[in-house]
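So the chains spell out like this:
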Amino acid sequence: MLRKPATATQVTHLQRLWLYVVCALVIIFLVAPTLIVIPMSFSDSRYLEFPPEAWSLRWYRAYLDSSEWRQATIVSFKVAGLTMVVATVTGTLAAYGLHVSRAKAGKYVSVLLILPMIIPVILLAVGIFLAFAPVGLNSTIPGLVLAHSVLAIPLVLITVTAGMRNFDINQEMVARSMGASRPWAFLTVTLPQIRNSVMSAALLAFIISLDEVVIALLIAGGDKATLTRRMFLALRDEIDPTIAAISTLLIGLSVVLLALSQFLQSKKN
């Protein structure tokens, strides 16, 4: 550890100690509520308790044995997978179009595309519900995919745009000058070089769809209810420790996917 400054402007770790302490406190404040859920999921009690007096896997078994929870899980993963495909393709093409476009209105179009990240989700949910009602898309898989894509596309756009900035578009121009069409040049020259950003964006789109609950409360119902919607309704009607078990599984999956996303983003395209 650096204890004495090597130069007049060198800052030692000891001088940064207060900053380390503040960062540690912020991390604890953000992570502690999540970590509390994990031991509660292994409790043997019929009620949520912390710390658990007895340890058991009964609530994980209750989750796996419940047909309703399994059905909701299947719906959530199906919707998240389809949302990942739709949002990744659409967001990547939008990022590519904005990157190669020289139109002055490009920056305004970009702002419009990321607007769903700024508008409160409840307003989006109400608008989507009213738009889907006349065409019968509420409580359907396609409706959920389209609604979740509204939230996922802006994040894909931002992530892929960041990757496009490290790519020299002249390489694609060379391929096109040698006879390749624009779609073929994109698929064979551009896409392989931004693949890490695209894969990272796809994982983030999957996580957003899997964790989304506000829109699902309005447009998902019956046998098309998502896992997060059933969790919310279960907490409203009866506090069941099964919720803690499901939350722990979702936390673990989200951490793994986010870590993989960060790993892909850290690698050069």
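Just so you know, these numbers come straight off a predicted model, no measurement behind them.

**Student:** How do you make sense of the side chain of threonine 248 when you look at a structure like this?
**Tutor:** Mapped onto the elements of the fold, threonine 248 is located in helix α12 (residues 242-266). For threonine 248, the side chain forms a polar contact with the main-chain oxygen of alanine 244, separated by 2.8 Å. Ignoring anything within four residues of it in the chain, the contact list for threonine 248 reads Val37, Ile38, Ser41 and Tyr60.

**Student:** What exactly am I supposed to notice about the nonpolar core here?
**Tutor:** As a rule of thumb, nonpolar side chains are buried together in soluble globular proteins. The biggest cluster of nonpolar side chains holds 18 residues, and the ones touching the most others in it are Ala87, Val156, Val160, Met164, Phe167, Ile194 and Ala205. Counting residues per element, the ones that place at least two in this core are α3 (67-100), α6 (141-164), α8 (182-193) and α9 (195-211). In terms of residues, this core owes the most to one element, α6, which gives six residues. Leave out the neighbours within four places in its chain, and alanine 205 touches Thr83, Met84, Ala87, Ala152 and Val156.

**Student:** Can you walk me through the packing of aromatic side chains in this structure?
**Tutor:** What describes a pair of aromatic rings is the distance from one ring centre to the other and the angle between the planes of the rings. If you walk through the whole model with that rule in mind, you get one aromatic pair. Relative to phenylalanine 206, the ring of phenylalanine 77 has its centre 6.0 Å away and its plane inclined at 55°; by these criteria the two rings are tilted. Taken together, the positions of phenylalanine 77 in helix α3 and phenylalanine 206 in helix α9 put the pair 129 residues apart, joining distant regions of the chain. Given a relative accessible area of 35%, phenylalanine 77 falls into the partly exposed group. Overall, the relative accessible area of 12% leaves phenylalanine 206 in the buried class.

**Student:** How should I be thinking about the side chain of threonine 83 in this particular structure?
**Tutor:** Position of threonine 83 relative to the elements: it lies in helix α3. Of the residues examined, threonine 83 reaches a relative accessible area of 0% and is grouped as buried.

**Student:** Would you mind showing me how to read the packing of α3 against α6 here?
**Tutor:** Any two packed helices are characterised by how steeply their axes cross, that is the angle between the axes, and by the distance between the axes. It is at 6 Å that the axes of α3 and α6 come closest, and there the two elements cross at 40°. Taken as axis vectors, α3 and α6 run oblique relative to one another. Crossing of α3 over α6 shows right-handed handedness. In terms of residue class, the contact of α3 with α6 is made up of 18 nonpolar, nine polar and one charged.

**Student:** I keep staring at α8 and nothing clicks. Help me out?
**Tutor:** In an α-helix, one turn spans 3.6 residues, which is why side chains three or four residues apart end up on the same side. Helix length check: α8 (12 residues) gives 16 Å between terminal C-alpha atoms against 16 Å at 1.5 Å per residue, within 8%. Among the residues of α8, those classed as buried are Ala185, Phe186, Val189 and Thr190. With its buried residues spanning 120° around the axis, α8 presents them on a single face. Across from the buried face of α8, at angles greater than 90 degrees, the exposed residues are Pro183 and Trp184. For α8, the secondary structure elements touched by its buried residues are α3, α6 and α7 (170-177).

What counts, and where the lines are drawn
Residues numbered from 1 in each chain as written. Predicted model: local features only at pLDDT ≥ 70, side-chain atom pairs only at ≥ 80, totals over all residues. Heavy atoms only, no water. Helix = DSSP H or I, 4+ residues; strand = E, 2+ residues; numbered from the N terminus. Polar contact = N/O pair within 3.5 Å; in protein donor to acceptor, adjacent residues only side chain to side chain. Contact = heavy atoms within 4.5 Å. Core = buried A, V, L, I, M, F, W, Y, C linked by side-chain atoms within 4.5 Å. Buried < 20%, exposed > 50% of the residue type's maximum accessible area, 1.4 Å probe, protein only. Phe/Tyr/Trp six-rings, centres within 6.5 Å; stacked < 30°, edge-to-face > 60°. Axes fitted to C-alpha atoms, helices over the stretch in contact; angles between N-to-C directions. Parallel < 35°, antiparallel > 145°, perpendicular 65-115°, else oblique. Left-handed = near helix turned anticlockwise from the far one by under 90°. Nonpolar A, V, L, I, M, F, W, Y, C, P; charged D, E, K, R; others polar. Expected span 1.5 Å × (residues − 1). Arc of directions from axis to C-beta.

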